[in-house]
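# A structural walkthrough
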Amino acid sequence: MRIEWARLKAESMDEKNRDGNMTDTKSPDQNLVGHYRRPGLGGSLLAALEKAGKTVRSYEDTAAFDEFHMRGRAATRDLARFAEIGSGMRVLDLGCGLGGPARLLTAEYGARVTGIDLMEEFIEAAVMLTAMAKMDRSPAFVRGDMLHLPFDGKSFDAAWSQHTLMNIADKTALFGEIHRVLVAGGILAFYDVVAGTLPGRYYPVQWASDASMDHLPDESEMLRLLDSGGFEPVALHDETAACLKWFESIRSKMNKRSAEAPSDAPPAPGLHLVIGPDTAEKAANTVSNLREDRIRVIMGTWRKKGRVG
Ligand SMILES: C[S@@+](CC[C@H](N)C(=O)[O-])C[C@H]1O[C@@H](n2cnc3c(N)ncnc32)[C@H](O)[C@@H]1O
């Protein structure tokens, strides 16, 4: 596979709207930026793909590393079903990461997706992977802060969040922004981590290096915040057991692969490229937090209150 990172990068930066709101707002939490920063991410992804002899021909070929949440693609399809994502729906993916969910919603559900993320290198990688996937219609990606959404009011039919709310301390402000950009009757779909019954958590985890960037209400507080933010519940599922099962299946797959692969085989491109060198430690801490009921994972849909029309 011949890789032209410089060209893909230049193309990605030509796209309009690349820097959604980064120049006119307060600077984002620098600890959080440091936690997610992956300099040269696009180049590392391309190098890992090339080394492993993998060619990207479709959005499905990047599934091993472009969904940055527990249960990967399966969780995205479950949430799309709960949220009744359909053809032509305008979906805002908050904290879109590398754009895997945005590409899936576009390709499989016909949605018109816009992804927004704080991290420049994630947005660059999202644009690059989308170009490589050669989709009939592509999602759009904007770099920006979801607390200051650079969109007009009532411009989306659905807002989508997977493993992003836990980074936001001021959820009242966030739900206010989401409420503003949704049409009346619009859907907020989320798949996120909440606090369990036991206080305190093991760090680092995928979304936080320490407690300063980890903002988890428990489930009832989350429901209260949504209600006062102007959203009524449609559906709610506890995904904790399914996430633990998923970690277990990943572990046995990895054990099998390392037993079977020749010792000089290149590592398969995977989430470690995005999560960083301490991926195993973060995953182990997440499993302990789930097992000890320090965190839970919930998936749900809420509807913007008020008259439709
Ligand atoms: C754990 S990742 C999940 C990425 C993606 N939703 C997925 O599931 O593949 C959390 C993402 O939220 C983004 N994020 C955190 N705070 C943000 C903010 N205030 N505005 C926009 N993006 C933010 C991070 O940069 C990161 O990409």
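Read on for a plain summary of the structure. (Residues numbered from 1 in each chain as written. Predicted model: local features only at pLDDT ≥ 70, side-chain atom pairs only at ≥ 80, totals over all residues. Heavy atoms only, no water.)

### So, the packing of aromatic side chains
- The full count for this structure, using the stated rule, is seven aromatic pairs.
- When the centroid spacing of 5.1 Å and the interplanar angle of 85° are considered together, the rings of Phe 151 and Phe 156 count as edge-to-face. Summarising the burial analysis for this pair, Phe 151 and Phe 156 share the class buried.
- When the centroid spacing of 6.3 Å and the interplanar angle of 70° are considered together, the rings of Phe 175 and Phe 231 count as edge-to-face. Residue Phe 175 is found in helix H7 (residues 171–181), and its partner Phe 231 is found in strand S6 (residues 231–238); the two are separated by 56 residues along the sequence. Of the two residues, Phe 175 and Phe 231, neither departs from the other in class, the shared state being buried.
- One aromatic cluster is present, built from ring pairs that chain together Tyr 36, Phe 68 and Phe 122.
- When the ring centre of Phe 82 is taken as reference, the NZ or CZ atom of Arg 81 above it lies at 6.0 Å. (Phe/Tyr/Trp six-rings, centres within 6.5 Å; stacked < 30°, edge-to-face > 60°. Buried < 20%, exposed > 50% of the residue type's maximum accessible area, 1.4 Å probe, protein only. Helix = DSSP H or I, 4+ residues; strand = E, 2+ residues; numbered from the N terminus. Lys NZ or Arg CZ within 6 Å of the ring centre and 35° of its normal.)

### Overview of the sheet that holds strand S5 (residues 182–195)
- One open sheet holds the seven strands; their spatial order is S3-S2-S1-S4-S5-S7-S6, and the pairing between them is mixed. The open sheet terminates on both sides in strands that have one partner only, identified here as strand S3 (140–143) and S6. For this sheet, the mean inter-axis angle between neighbouring strands, taken without regard to orientation, is 20°.
- Bridge analysis of strand S2 (residues 112–117) against S3 gives four bridges, and the strand direction is parallel. Considered in S3, the bridge of Ile 116 is made with Val 142.
- With respect to the sheet, helix H4 (residues 72–82) is in contact with strand S4 (156–162), S5, S6 and strand S7 (295–304), its orientation differing from that of S4 by roughly 150°.
- This element, helix H6 (residues 120–133), spans S2 and S3 of the sheet and lies at about 165° to S3. (Pairing = 2+ DSSP bridges. Axes fitted to C-alpha atoms, helices over the stretch in contact; angles between N-to-C directions. Contact = heavy atoms within 4.5 Å.)

### Some remarks on the pattern of salt bridges
- In this structure the tally under the stated criterion is 16 salt bridges.
- Note that Arg 77 is salt-bridged to Glu 108, the shortest N-O span being 2.7 Å. Of this pair, Arg 77 sits in helix H4 while Glu 108 sits in helix H5 (residues 100–109), placing them 31 residues apart in sequence.
- As a salt-bridge pair, Arg 90 and Asp 157 come within 3.0 Å of each other at their nearest N and O atoms. Residue Arg 90 is located in strand S1 (residues 90–94), and its partner Asp 157 is located in strand S4; the two are separated by 67 residues in the primary sequence.
- By relative accessible area, which is 25% here, Arg 90 ends up partly exposed.
- Linked by salt bridges that have partners in common, Asp 66, Glu 67, Arg 73 and Arg 103 make up one network. (Salt bridge = Lys/Arg side-chain N within 4 Å of Asp/Glu carboxyl O.)

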